[in-house]
Amino acid sequence: AQSVAQPEDQVNVAEGNPLTVKCTYSVSGNPYLFWYVQYPNRGLQFLLKYITGDNLVKGSYGFEAEFNKSQTSFHLKKPSALVSDSALYYCAVGEIGNTGKLIFGQGTTLQVKP
Amino acid sequence: ETGVTQTPRHLVMGMTNKKSLKCEQHLGHNAMYWYKQSAKKPLELMFVYSLEERVENNSVPSRFSPECPNSSHLFLHLHTLQPEDSALYLCASSQAASVAYEQYFGPGTRLTVT
């Protein structure tokens, strides 16, 4: 069975510092990995995805994520955090062959302080 | 932001009421999804439709009844709900019902069952 773990409920960083939001996954086949962001009172917005190819994936708003097969991880990173990055971040995993079904992690709240 | 719209944004209903949630996507996508987002829990996939055909029912109780009259519209009919059904209900769409495609989410309907 597929599963996703986001081990941190909340990540606090100072503006201008690098940020990392952690995600580990478990699937039986090749994973399709996603990061989404949710701002208050809004739906989820797609940030980036990994399907195949380069392990470093670049996405929206300067975010990137690194796929590590041996550690089954897909951590979200940004070199310099902005206060406006403060939001709820979700990692999700899916397997090819299923009907668009994604398994989401519990979410990590990112708080960027000025 | 306006690619996927949901109405109403807020709904309060009694346990004996019947109501419907509406979702419309303006992206030309062929797949649509219903998710439930409860506090402190990961997003739960409820239903997936591909070209108006239901392709996934994630063990959802029969008091939730989806309807997809065409590829742009998705409804969730609600009847005799329980207080634990109170949650944010999110609609999403994607190019096709496959994990290879990112999903685009609406802002959600905040449902309160009294």
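As a starting point, this report considers the structure included with it. (Residues numbered from 1 in each chain as written. Chains lettered and ligands numbered in written order. Predicted model: local features only at pLDDT ≥ 70, side-chain atom pairs only at ≥ 80, totals over all residues. Heavy atoms only, no water.)

1. Let's talk about the interface of chain A and chain B
Between chain A and chain B, the residue contacts involve 24 residues of the former and 26 residues of the latter. Viewed at the interface, chain B and chain A are joined by 2 salt bridges. Summed over the shared surface of chain A and chain B, the number is 7 residue pairs in polar contact (both at pLDDT 80 or more). Breaking the side of chain A that touches chain B down by element, the ones donating at least two residues are β5 (31-38), β6 (44-50) and β10 (87-95) of chain A. Residue classes in the side of chain A that touches chain B are distributed as 10 nonpolar, 10 polar and 4 charged. (Contact = heavy atoms within 4.5 Å. Salt bridge = Lys/Arg side-chain N within 4 Å of Asp/Glu carboxyl O. Polar contact = N/O pair within 3.5 Å; in protein donor to acceptor, adjacent residues only side chain to side chain. Helix = DSSP H or I, 4+ residues; strand = E, 2+ residues; numbered from the N terminus. Nonpolar A, V, L, I, M, F, W, Y, C, P; charged D, E, K, R; others polar.)

2. Quick word on unusual backbone geometry
Residue and element names in this part refer to chain B. The peptide bond linking Thr7 to Pro8 adopts the cis configuration, its omega dihedral lying at -10 degrees. Within the element layout of this structure, Pro8 appears in the loop between β1 (4-7) and β2 (10-13). For Leu51, which is not glycine, the phi torsion reads 50 degrees and is therefore positive. Tracing the backbone through its elements, the reader meets Leu51 in the loop between β5 (44-50) and β6 (53-57). Look at Glu52: it is not a glycine, yet its phi comes out positive at around 70 degrees.

3. A closer look at the packing of aromatic side chains
What the rule picks out here adds up to 15 aromatic pairs over all chains. Between the aromatic rings of Tyr33 of chain B and Tyr35 of chain B, the centroid separation amounts to 6.3 Å while the plane-to-plane angle is 25 degrees, which identifies the pairing as stacked. Each member of the pair, Tyr33 of chain B as well as Tyr35 of chain B, carries the same accessibility label: buried. Three or more aromatic residues joined by ring pairs make a cluster, and in this case those are Phe34, Tyr36, Phe46, Tyr90 and Phe104 of chain A together with Tyr33, Tyr35 and Phe105 of chain B. (Phe/Tyr/Trp six-rings, centres within 6.5 Å; stacked < 30°, edge-to-face > 60°. Buried < 20%, exposed > 50% of the residue type's maximum accessible area, 1.4 Å probe, protein only.)

4. A look at the sheet that holds strand β7 (residues 64-70) of chain B
Residues and elements named next belong to chain B. Taking strand neighbours across the sheet as the criterion, the 4 strands line up as β1-β3-β8-β7 in an open arrangement whose pairing is antiparallel. At either end of the open sheet lies a strand with only one pairing partner, and these are β1 and β7. Pairs of neighbouring strands in the sheet enclose a mean axial angle of 20 degrees, with direction left out of account. Here 4 bridges tie β1 to strand β3 (residues 18-25), and the two strands are oriented antiparallel to one another. Within the sheet, the bridge partner assigned to Thr7 lies in β3 and is Lys22. (Pairing = 2+ DSSP bridges. Axes fitted to C-alpha atoms, helices over the stretch in contact; angles between N-to-C directions.)

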